[in-house]
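# A look at the structure
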Amino acid sequence: MIVASLMPEVLIILGSKSDLPVGKRAMEIFDAFGVEAEMMVASAHRTPKRVDDIVTCSDARVFIAVAGLAAALPGAVASATVRPVIGVPVSGKLNLDSILSIVQMPPGVPVGTVGLDRGENAALLALQILATSDEGLAIKLREHREEMARNVVADSFEVN
Ligand code: RP5
């Protein structure tokens, strides 16, 4: 059974409920930018058909797939769509397991990969993709960069 809500611009698929803290880091960014996103749980190994059904039924413009261990989920999502897929490796006992599982996609089916647990970067990259056809969003992203720069300069005053 697929229970999807409205028509989110970005669909975040978690390989497990245990990946929720990483998914929340992405959702916080989408909320801050006022972009509709939705999270669902589906596993490439435990529920492969559900993954395929979710992706093929979704109108999302960008997918984010969050998974740990032998993290096949981003690749499975990418196999079902030609829309951009961003993979987020989740930390665990090894860390390299999920990173390599997501980075080392075979030729022809790319997944854009962000750093370990970097849900916020996945969201920002998704926003940058959406901003290629949304100047209002591009302006917000530039303002966000300027705010980060101001914070770095402010930090400089605090370290002495
Ligand atoms: C992966 O296995 C999930 O993405 C999660 O990161 C990891 C552990 O899953 P659980 O055992 O917590 O469900 O498939």
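Residues numbered from 1 in each chain as written. Predicted model: local features only at pLDDT ≥ 70, side-chain atom pairs only at ≥ 80, totals over all residues. Heavy atoms only, no water.

### Some points on the pattern of salt bridges
In a structure, side chains of opposite charge can pair up when their charged atoms sit close to one another. We count it as follows: Salt bridge, as used here, is a side-chain nitrogen of Lys or Arg placed within 4 Å of a carboxyl oxygen of Asp or Glu. Helix and strand definitions here come from DSSP, where helices need a minimum of 4 consecutive H or I residues and strands a minimum of 2 consecutive E residues; each element is numbered from the N-terminal end. Each residue is placed in one exposure class: buried if its accessible area under a 1.4 Å probe, protein chains only, is under 20% of its type's maximum, exposed if it is over 50%, and partly exposed if it falls in between.
Evaluated as defined, the whole model comprises 5 salt bridges. E120 is the salt-bridge partner of R25, the closest N and O atoms lying 3.2 Å from each other. One end of the pair, R25, is in helix α1 (residues 20-33); the other, E120, is in helix α5 (residues 119-131), with 95 residues separating them in the sequence. For E120, a relative accessible area of 18% translates into the label buried.

### Points about helix α6 (residues 135-158)
Convention followed: In this scheme, a helix's expected span is set at 1.5 Å multiplied by one less than its residue total. Under the rule applied, a polar contact is a pair of N or O atoms within 3.5 Å (in protein, one hydrogen donor and one hydrogen acceptor; residues adjacent in sequence only if both atoms are side-chain atoms).
With 24 residues, α6 extends 35 Å between its outermost C-alpha atoms, agreeing within 8% with the 34 Å of an ideal straight helix rising 1.5 Å per residue. Residues L137, A138, L141 and H144 constitute the buried set of α6. Backbone nitrogen of G136 and a side-chain oxygen of the N-cap are separated by 3.1 Å at the start of α6; the cap is D134.

### Points about the environment of V109
Rules: The contact rule is simple, with two residues in contact once any of their heavy atoms fall within 4.5 Å.
Along the polypeptide, V109 turns up in the loop between α4 (96-103) and β5 (112-113). Accessibility expressed as a relative area gives 27% for V109, which makes it partly exposed. C-alpha separation for the pair V109 and T56, spaced 53 residues apart in sequence, amounts to 16 Å. Those residues in contact with V109, other than ones at most four positions away along the chain, are A78 and S79.

### Side note on the site of the ligand
Rule in force here: What makes a residue near a molecule or strand is one non-hydrogen atom of that residue sitting within 4 Å of it. Note on residue categories: nonpolar means Ala, Val, Leu, Ile, Met, Phe, Trp, Tyr, Cys or Pro, charged means Asp, Glu, Lys or Arg, and polar means any other residue, Gly included.
Lining the immediate surroundings of the ligand are G15, S16, S18, D19, R46, A67, G68 and L69. A distance of 2.7 Å separates an oxygen atom of the ligand from a polar atom in the side chain of S16. For the ligand, an oxygen atom lies 2.6 Å from a polar atom in the side chain of D19. Across the shell around the ligand, the residue classes tally to 2 nonpolar, 4 polar and 2 charged.

### Examining the sheet that holds β5
Heads up, the rule is: Pairing between strands is defined by DSSP: at least two bridges between them are needed.
Taken in spatial order, the 5 strands of this open sheet run β2-β1-β3-β4-β5, and their pairing is parallel. Among the strands making up the open sheet, the edge pair consists of β2 (37-41) and β5. Bridge count for strand β4 (residues 85-89) against β5 is 2 bridges, and the pairing is parallel. Looking at β5, one finds that G87 is bridged to T113.

Everything listed is a geometric property; what it means functionally is a separate question.
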